[in-house]
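# Observations on the three-dimensional arrangement
In case you want the letters, here they are:
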Amino acid sequence: MKFFSWTLVGLALLTLIITGCGRKPPVYPETGGTVESVVPMEDVAREIAREVRTYRAQNGKTPLSWDSSLASAAETHSAAMGSGRIPLGHYNFDRRQADITENMGFVSGVAENVGVVSFGDGNARAIAKQFVRIWSNSAQHRQNMLGEYNITGVGVVRTNGGKVYATQLFARVGR
């Protein structure tokens, strides 16, 4: 009888271990999404900034300076979207805006563009061009790219599923 009961306990534990290994990632109630791992793509972030610089020049606008604190905030937001913790969009933008204003002193404007595209062949410039093309075809995103800002930061992540999430923050600092 002891052998039989220990055998059942062993089988029960084995079943828990096997089924536990195939568990789905946790679901976050605020989005219903699941957590996915993401990989930063700094080369794509820099290419997006370069493409936006070119787009601004073609439209008679001054270039934007790169700001690493904006890039960090942008990458954090992209990672949250890419991992499924938050939906694609401007979730908590007001918090990012307040943090930027607090950290940089006088800020007269902050804007944000977000998007998602397919990883494709992984060519950084091609991915960047996709984002800028999409944003330039949207009135609000185009307005952000051509706005009276003087600094920018871009954060980009790639998911295991082959999606690329990008956030570009724009700010006007100084008087």
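Anyway, here's the lowdown on the structure attached to this text. (Residues numbered from 1 in each chain as written. Predicted model: local features only at pLDDT ≥ 70, side-chain atom pairs only at ≥ 80, totals over all residues. Heavy atoms only, no water.)

A few words now on the overall build of the chain. Secondary structure assignment for the chain yields six helices and five strands. Sequence-ordered secondary structure for the chain, helices as α and strands as β, is α-β-α-β-α-α-β-α-α-β-β. Within the chain, buried positions represent 38% of all 175 residues. For the chain, the accessible surface area stands at approximately 10100 Å², while carbon and sulfur atoms represent 56% of it. (Helix = DSSP H or I, 4+ residues; strand = E, 2+ residues; numbered from the N terminus. Buried < 20%, exposed > 50% of the residue type's maximum accessible area, 1.4 Å probe, protein only. Areas by Shrake-Rupley, 256 points an atom, 1.4 Å probe, with all protein chains shown as cover.)

Before going further, it helps to spend a moment on unusual backbone geometry. Of note, N92 is a non-glycine position whose phi angle comes to about 65°, a positive value. With respect to the helices and strands, N92 occurs in the loop between α3 (68-83) and α4 (93-104). Classification of N92 as partly exposed rests on a relative accessible area of 25%.

In summary, soluble globular proteins display a tendency toward joint burial of nonpolar side chains. Core analysis: the largest hydrophobic core is formed by 24 residues, its most contacted members being I48, F131 and V156. Where this core is concerned, the elements lending two or more residues are α2 (42-58), β3 (107-118), α5 (124-136), β4 (151-159) and β5 (163-173). Filtering out sequence-adjacent residues up to four positions away, I48 remains in contact with A128, F131, V132, W135, V154, V156, A166 and Q168. Core analysis: the next-biggest nonpolar cluster, separate from the first, contains nine residues, A74, V110, I151 and L169 among them. (Core = buried A, V, L, I, M, F, W, Y, C linked by side-chain atoms within 4.5 Å. Contact = heavy atoms within 4.5 Å.)

Running from N to C, α2 and α5 cross one another at 50°; their axes reach a closest spacing of 8 Å. It follows that α2 is oblique to α5 by the angle criterion. As α2 runs across α5, the sense of the crossing is right-handed. Here α2 contributes D43, V44, E47, I48, R50, E51, V52 and Y55 to the contact with α5, which in turn contributes A124, R125, I127, A128, K129, F131, V132, W135 and S136. For the contact of α2 with α5, the residue count by class is ten nonpolar, one polar and six charged. (Axes fitted to C-alpha atoms, helices over the stretch in contact; angles between N-to-C directions. Parallel < 35°, antiparallel > 145°, perpendicular 65-115°, else oblique. Left-handed = near helix turned anticlockwise from the far one by under 90°. Nonpolar A, V, L, I, M, F, W, Y, C, P; charged D, E, K, R; others polar.)

Before going further, it helps to examine the environment of I134. Mapped onto the elements, I134 comes out in helix α5. Counting along the chain gives 19 residues from I134 to G115, while the straight-line C-alpha distance between them is 8.3 Å.

Our next topic: the pattern of salt bridges. On inspection of all chains with the given rule, the structure shows six salt bridges. Note that K129 is salt-bridged to E51, the shortest N-O span being 3.6 Å. Placement of K129 in helix α5 and of E51 in helix α2 is noted, with a sequence separation of 78 residues between them. On the accessibility criterion, K129 (36% relative accessible area) is partly exposed. In this structure E51 comes out as buried when scored by relative accessible area, which is 9%. Salt-bridge contacts for E148 lead to K61; the nearest nitrogen and oxygen are separated by 2.7 Å. Taken together, the residues span a long stretch of sequence, with E148 in the loop between α6 (139-145) and β4 and K61 in the loop between α2 and β2 (65-66) at a distance of 87 residues. (Salt bridge = Lys/Arg side-chain N within 4 Å of Asp/Glu carboxyl O.)

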